[in-house]
Structures are given as C-alpha cells and as structure tokens.
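This is what each chain is made of:
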Amino acid sequence: MSEPNDISRMTSAAFELPQFAELRQPKLRVSGVSRKFATPNGTSVIALEHISLEVRPGEFLCIVGPSGCGKSTLLSLMAGLDTPTSGEIFLDGQRVDGPGTGLSVIFQELGLFPWLTVLQNVEFGLKMKGMERAERRKRAMEFLRLVHLSSFESSYIHQLSGGMKQRVALARSLATQPDVLFMDEPFAALDAQTRDLMHEELERVWKETGQTIVFVTHNVREAVRLGDRVMLLTFRPGRVKTVFPVILERPRHLEDADLAHTAREVLAQLKEEINKAVEEEYSHAAKD
Amino acid sequence: MRRRIEKLIFFFCLLAVWQVIYKMKIWSPFLFPSPFEVFDALRLGFGDRTFLIGVGISMRRIAIGYGISIVLGLALGLLIAMNDFLENTIGSLVLSLQSLPSICWLPLALLWFGLSEAAILFVVVMGSLLAVTINTESGVRNVPKIYMLAGRNLGANGARLFLHVLLPASLPYLISGLKQGWAFAWRSLIAGEMIYGSLGLGFLLMMGRDLNDMSQVLAVMGLIMFLGYVVDRVFFVNVERHIRSRWGFAPTS
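Keep in mind it's a predicted model, so treat the numbers as computed, not measured.

Caption draft 1: Inspection of the overall build of chain A at higher detail. Secondary structure summary: chain A contains nine helices and ten strands in total. At 21 Å, chain A has a C-alpha radius of gyration in line with the 19 Å of a compact globule built from 288 residues. Seen along its three principal axes, the alpha-carbon backbone of chain A occupies a region of about 70 × 60 × 45 Å. Across the 288 residues in chain A, those meeting the buried criterion constitute 48%. Excluding contacts between residues fewer than 6 apart, the proportion of contacts in chain A whose partners are at least 24 apart in sequence is 69%. Counting every atom, chain A has about 14500 Å² of accessible surface; 51% of that belongs to carbon and sulfur. Between the centroid of the 35 positive side chains of chain A and the centroid of its 39 negative side chains there is a distance of 3 Å.

Caption draft 2: Broad picture of the interface of chain B and chain A. Listed per partner, the contact involves 18 residues of chain B and 21 residues of chain A. For the pair chain B and chain A, the summed buried surface comes to about 1900 Å²; carbon and sulfur atoms form 69% of the total. When residues of chain B are sorted by the area they lose upon contact with chain A, Asn153, Leu154 and Arg246 of chain B head the list and together hold 40% of the total. Taken together, the connections running from chain B to chain A amount to zero salt bridges. At the junction of chain B and chain A, the tally comes to eight residue pairs in polar contact (both at pLDDT 80 or more). Elements with a contribution of two residues or more to the side of chain B that touches chain A: helix 8 (145–153), helix 9 (158–195) and helix 11 (214–246) of chain B.

Caption draft 3: Expanded view of the sheet that holds strand 5 (residues 94–95) of chain A. Residues and elements named next belong to chain A. The strand order across the open sheet formed by four strands is 2-1-4-5, and the pairing between neighbours is antiparallel. Each edge of the open sheet carries a strand with a single partner, namely strand 2 (44–55) and strand 5. As paired elements, strand 4 (residues 86–91) and strand 5 share two bridges and run antiparallel to each other. Counted as the bridge partner of Phe90 is Arg95 from strand 5.

Caption draft 4: Structural view of the packing of helix 9 of chain B against helix 11 of chain B. All names here are of chain B. Contact geometry of helix 9 with helix 11 gives a least axis separation of 10 Å together with a crossing angle of 175°. The angle between helix 9 and helix 11 places the two elements in the roughly antiparallel class. Two secondary-structure elements touch here, helix 9 through Leu171, Pro172, Ile175, Ser176, Leu178, Lys179, Trp182, Trp186 and Ile190 and helix 11 through Ile224, Leu227, Gly228, Val231, Asp232, Arg233, Phe236, Val237, Val239, Glu240 and Ile243. Its residues assigned to classes, the contact of helix 9 with helix 11 comprises 14 nonpolar, two polar and four charged.

Caption draft 5: Seen up close, the layout of surface pockets. Residues and elements named next belong to chain B. The computed volume of the largest pocket comes to approximately 1200 Å³. Around the largest pocket sit 26 residues that line it, and Phe11, Leu15, Trp18, Gly222 and Met225 are the ones nearest its centre. Those elements that provide at least two residues to the lining of the largest pocket are helix 1 (2–23), helix 2 (35–47) and helix 11. A breakdown of the residues in the lining of the largest pocket according to their chemical character gives 23 nonpolar, two polar and one charged.

Caption draft 6: Region of the structure containing empty space enclosed by the protein. In this structure the tally under the stated criterion is one cavity of 30 Å³ or more. Counted as a void, the largest cavity has a volume near 70 Å³. Lining the largest cavity, in full, are Ser104, Val105, Ile106, Phe107, Leu110, Ala169, Arg172 and Ser173 of chain A together with Ala150, Asn153 and Leu154 of chain B. Among the secondary structure elements, those contributing two or more residues to the lining of the largest cavity are strand 6 (103–106) and helix 6 (162–175) of chain A together with helix 8 of chain B. Here the residues of the lining of the largest cavity are counted per class, giving seven nonpolar, three polar and one charged.

Caption draft 7: Spatial organisation of the pairing of strand 3 (residues 60–64) of chain A. Residues and elements named next belong to chain A. Burial of strand 3 is extensive: five of the five residues sit out of reach of the surface. Every second residue of strand 3 is oriented toward a common face, with Phe60, Cys62 and Val64 on one face and Leu61 and Ile63 on the other, all of them buried. Taken together, the four bridges between strand 3 and strand 8 (residues 212–216) define a ladder with parallel strand orientation. Bridging from a neighbouring strand, Phe60 pairs with Ile213 of strand 8. Pairing of strand 3 with strand 9 (residues 229–233) involves four bridges; the strand directions are parallel. What sits directly across from Leu61, in strand 9, is Arg229.

Caption draft 8: Looking closely at the environment of Leu103 of chain A. Mapped onto the fold, Leu103 of chain A is located in strand 6. Given a relative accessible area of 3%, Leu103 of chain A falls into the buried group. Those residues in contact with Leu103 of chain A, other than ones at most four positions away along the chain, are Leu28, Met78, Ala79, Gly80, Leu91, Val96, Gly98, Val180 and Phe182 of chain A together with Asn153 of chain B.

Caption draft 9: Representation of the sheet that holds strand 7 (residues 180–184) of chain A. All names here are of chain A. Here we have six strands laid out as an open sheet, ordered 6-7-8-3-9-10, and mixed in their pairing. On the outer flanks of this sheet lie strand 6 and strand 10 (240–245), each paired with one strand and no other. Here the average twist between neighbouring strands, direction ignored, is 20°. On the sheet, helix 3 (residues 71–78) packs against strand 3, strand 6, strand 7, strand 8 and strand 9 and is oriented at approximately 155° with respect to strand 7.

Caption draft 10: Local environment of the pattern of salt bridges. Using the criterion set out here, one finds 26 salt bridges over all chains in the structure. Glu273 of chain A is the salt-bridge partner of Lys276 of chain A, the closest N and O atoms lying 3.1 Å from each other. Taken together, the residues Lys276 of chain A and Glu273 of chain A, both in helix 9 (residues 257–287) and three residues apart, mark about one turn of the helix. What makes Lys276 of chain A partly exposed here is its relative accessible area of 42%. When the shortest N-O distance is used, the salt bridge between Asp40 of chain B and Arg43 of chain B registers 3.3 Å. Of the two residues, Asp40 of chain B and Arg43 of chain B are both situated in helix 2; the distance of three residues between them amounts to about one turn of the helix. Among the residues examined, Asp40 of chain B registers a relative accessible area of 38% and is labelled partly exposed.

Caption draft 11: Summary view of a nonpolar patch on the surface. Side chains of Val20, Met24, Ile26, Trp27, Phe30 and Leu31 of chain B sit close together on the surface and give an oily, nonpolar patch of about 710 Å² of accessible area. For Ile26 of chain B, a relative accessible area of 52% translates into the label exposed.

Conventions we followed
- Here the residue numbers are simple positions, counted from 1 along each chain's written sequence.
- The lettering of chains begins at A and the numbering of ligands begins at 1, in the order of writing.
- In keeping with the predicted nature of the model, local features appear solely for residues at pLDDT of at least 70, side-chain atom pairs appear and are counted solely at 80 or more, and the whole-chain, interface and lining totals rest on all residues.
- Water and hydrogen atoms play no part in the side-chain values, which are based on all heavy atoms of the structure.
- A helix here means a DSSP run of H or I that spans at least four residues, while a strand means a run of E at least two residues long, and both kinds are numbered starting from the N terminus.
- Atoms considered for the radius of gyration are the C-alpha atoms alone. The globule rule reads 2.2 Å times the number of residues to the power 0.38.
- Three labels apply to residues, based on accessible area from a 1.4 Å probe with only protein chains included: buried if under 20% of the type maximum, exposed if over 50%, partly exposed otherwise in between.
- In what follows, residue pairs with any heavy atoms lying within 4.5 Å of each other are defined as contacts.
- The Shrake-Rupley method, run with a 1.4 Å probe, gives the accessible areas here. Residue values count only the displayed protein chains as cover.
- As used throughout, the charge tally considers Lys and Arg to be positive and Asp and Glu to be negative, leaving His and the chain termini uncounted.
- Think of each charge as sitting on NZ of Lys, CZ of Arg, CG of Asp or CD of Glu.
- Note: buried area is the sum, over both parts, of the accessible area (probe 1.4 Å) each one loses when the two are combined.
- Salt bridge, as applied in this entry: a Lys or Arg side-chain nitrogen positioned within 4 Å of an Asp or Glu carboxyl oxygen.
- By the criterion applied in these results, polar contacts are pairs of N or O atoms within 3.5 Å in which, for protein atoms, one can donate a hydrogen and the other can accept it, and in which residues neighboring in sequence qualify only through two side-chain atoms.
- At least two DSSP bridges between two strands are needed for those strands to be called paired.
- Between N-to-C directions, angles span 0 to 180 degrees; the directions come from axes that are lines fitted to C-alpha atoms, helices contributing only their stretch in contact.
- Put simply, angles under 35 degrees are roughly parallel, angles over 145 are roughly antiparallel, angles from 65 to 115 are roughly perpendicular, and the rest are oblique.
- Residues are grouped as follows: nonpolar covers Ala, Val, Leu, Ile, Met, Phe, Trp, Tyr, Cys and Pro; charged covers Asp, Glu, Lys and Arg; every other residue, Gly included, is treated as polar.
- A cavity here means a set of points on a 1 Å grid, drawn over the protein atoms and nothing else, where a 1.4 Å probe fits but cannot get out; a pocket is an open set with protein on both sides within 12 Å along at least five of seven lines, and a residue lines either one if it has an atom within 4 Å of a point.
- Grid points are joined across faces, edges and corners, and a volume is the space filled by probe spheres set on the points.
- Patch rule: a residue counts if its relative accessible area is over 30% and it has no salt bridge; like charges are joined within 9 Å, and nonpolar side chains (Val, Leu, Ile, Met, Phe, Trp, Tyr) within 5 Å.

Have a look at this one:
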C-alpha cells in the first residue's frame, strides 16, 4: 500500500527542485475572482465574473476588451487597490491583500509629482522604502539612463513633453523594482507618433530589465505589438473570452504583416463583444 | 516696458492734478495739503523715527498674529478636510464666523485681555485665521486623487503620505489661502490699532487726526498702502505665480 505513495512522493520531490519550482510557479495567480458593485437603486452589477489567469515571471501580458468590460477593475484588483467580492489573488504564492510596493501601477494620468524634479520623482519610491540618499540617487540615475532621460534629471515635470513624462513614470515605477508592473492604458492620451516611440521604448526596457508587466489597453494593435499573450475579456460581466499567444519575433513593428494578421484575429472576437455592448445600449434606449 | 511707462505717466499725472487742485485753493490747505507737504510729513516722520517705530511695531504685531493664524489655520483646515464630522460642525462654524468683520472682535478682546498687546493680536488672529482655515480645507480637498494614489502606490503611508504628497500637492491652494489671510490680517491690524493701539501705523493715523495734521494722515495712509501692496502684489503674487507654473497650472493674469 505504501509503495506507490512513496514513489509518487519521490517523483513530485524530483520535480520540485528549486529551478523547476521557479519555472512552474506563476508570478501572479488570479483564482476565480469576481467583483460586484452596488448600484444606487439597490441592485448590483457584476463587473467581473470568475476570472482566472496566471502571469509568468518576466511575461508581458496584455488585457484587452470593450469599454465597460472591467479591464481597469481587474487591474485594480491585481494591484491590491481593490478587493475581490470572491476569489483570491496570489503574488509568488502569497495572498495579495492590499497595495504593496511589490505591485506598482502606472495610471493613465501618471501622477508625477510637479513639486519634485525628474530625479526626485524617480527617487520617491526608494525614499519611502528608507533607502539611503546616496544609494537611491545612484539607483534613480541608473533608471533615468535606462529610459534615456539622464540629462533631464533636474528638470521639472511641466517642462517635459508627453512622451518624456511617460518615461519618467516608467523609471519611477521600475526603480522600486516591483514584482509586477501594472500599466492602465498609459499611452491612450498620446499622439500616434509618440505612442509608436513609447512602444519601442517599453519593449526595449522590458527586455533589458526582465520586468513582469501587465498592460491594460483597448487598443488591439497595441496589445499585439507588445504582449507575449493577449487576453480578451467579454463585455459585462467581464470574463476571460480568449487568450491569444503572440508568437512573433521582437522587436516588432506595427506595420508587420504577421502582427496585423494576429491583430485581426483578436479584433474579430472583440467585435462580437462590442456588438453585445451596442445591443445592450439599444435595448436600454428602447425601454426608455 | 510699455506698461511700466504707462503706469509711471499715470501716477505722475495724478500727482500733477492733485497739485493743480491744491493751487486752486478750493479747500483750506489744512484739509487738502499738497503732495509736497505730504512728502515732507513722510520725511519728517522717518526723520524723527516715529514712522520707523510705527512700522516696526505694526510689523512685529502682524508677524506674531499672522504667524499664529498660519499655524492654527493650517492645522484646523487639515482636520476639517479629513474628518466629515468636523467638517459638518466646526466647518459650518468657521464659515459663519467668516462673515463677521474682524473688528467686531475688539470689544470682546478688550474685555477679555484689557488694553493690552494681546487684545490687538487676538483681533488680527480672528481676522485671518478663518480665511487660512477655509482655504486650507478646500485646498486639501482639491488635491487631485491621482497624487495620493501614486504616492500610496510608491509606498508612502500615513505621516509620510501627508508630508511628502498631500502637503506639497495642495501648496498652490494653500498659498492663495495664505495670501487672503495676509490681506485680512493687515486690514484687521490697522483697524484694531486705530481704535485701540499704542504706537503702530493705525495709531499714527489717528494721531494725525488728533493733531489736525492732514499731511500726516495722508502720509501714513500712503505708508499703509505701500506696505500692503509690497507684500500682497509683489511677494505673494510672485510666489503664487512661481508655484502655479511649476505645478503645471495655466498661467493666470
């Protein structure tokens, strides 16, 4: 009776050699997460339903979906800024129950501090961690160099262009060396040219740092341009509809035929969800 | 440059018209002195140091009174902004007290503190404290949420979030509160000194009246105007402009 048990224990032990465990262990695991919101008239809206996903260490995951699908809600949950109604989220196997420095978010509005210089902005997270002045200055400069902004260390935020602000925000978050970096439609407000440049920049920085990134966008081509995988959410309630692996060589370009092809596949499915959203809107209008 | 010349010419013309009216002898020179006589009174006042002492004493009073207002007003404004109960109670009290002209506090202050320095300081504090409080409160409430979100996300909590994010983020609003507080403090001080005050500019103004010395009255009025203008229009306006441009606000005229 005991023999097969021993064998199975042995095999499982063999598989749990540290390097294998490292590979098998997802960086971030979302397990059966739902989020309901109460509406003013007493009912509740299900924003997210039974979402499960895993983010691998060093992965670039993009989340797309029609507006109102709960993309940003999902990001808030994963970053610990909001708590799920049910389900759990794990970072490195540890339950996430609040914001932590391991989970860094770049919001669309960035929230750079105008009263601080570029360098002081990048230093901010390190200062809050209690890092010594000389050391944090050195580290901040490294990350400013990484985003090619070292000559702007003593500029103030209002003196920078849109793309430069994005790069400061990137450096500020990366400097804290988070476990996962979340980006919530960070490039939505940029003009097309600057956005192209930011895609290149982000791809390069991601490669150089090996940072795990979860990137939320409504722009399918952007998602396919950047992501290792693209996860499509359904319209209300938000569920995982499809996960597309993007197996395209890097560096990628928006003009690549393969990229356009993959984007079209994602877009076809996204269209279905957008149509649902439109239908629901019409039915509401018909009731009124 | 052009605007400066325009201004200069305007003020020169004003003085010229004044001088012409004086020469026309419509009113007695005792009631309507010439600009030269007022200038003489100013020179005389500074010559025997009475004006110097007056300015010094008024400045000392406003430094103390306004200083107290800033400290109390910032603290009170913050508390009100962060606590709904305090906002509903103390907040409404502050708003209703704000409609009371500060000089109304003088009778009360005289009864409480007697003919003392404390009575004047009390009036100055009551005059400016509320303005600082109200502006601090709205300033803290106006801080864009994104700064707090970003600050928290970068690991700032509690006192450090307050010190490193909330306070600097609300500075553009705080500064307009401080400016308004200053204006109220200055007016309260002069009013208080006129009714009761040993030395000080308000006192010098009343002394001119008692001596029937219109030149001194006008000279002191000019002095009060000048000091108020320098602090309000030169100091605060520049600080405000600097902060607003740094914080990325559209430049205001």
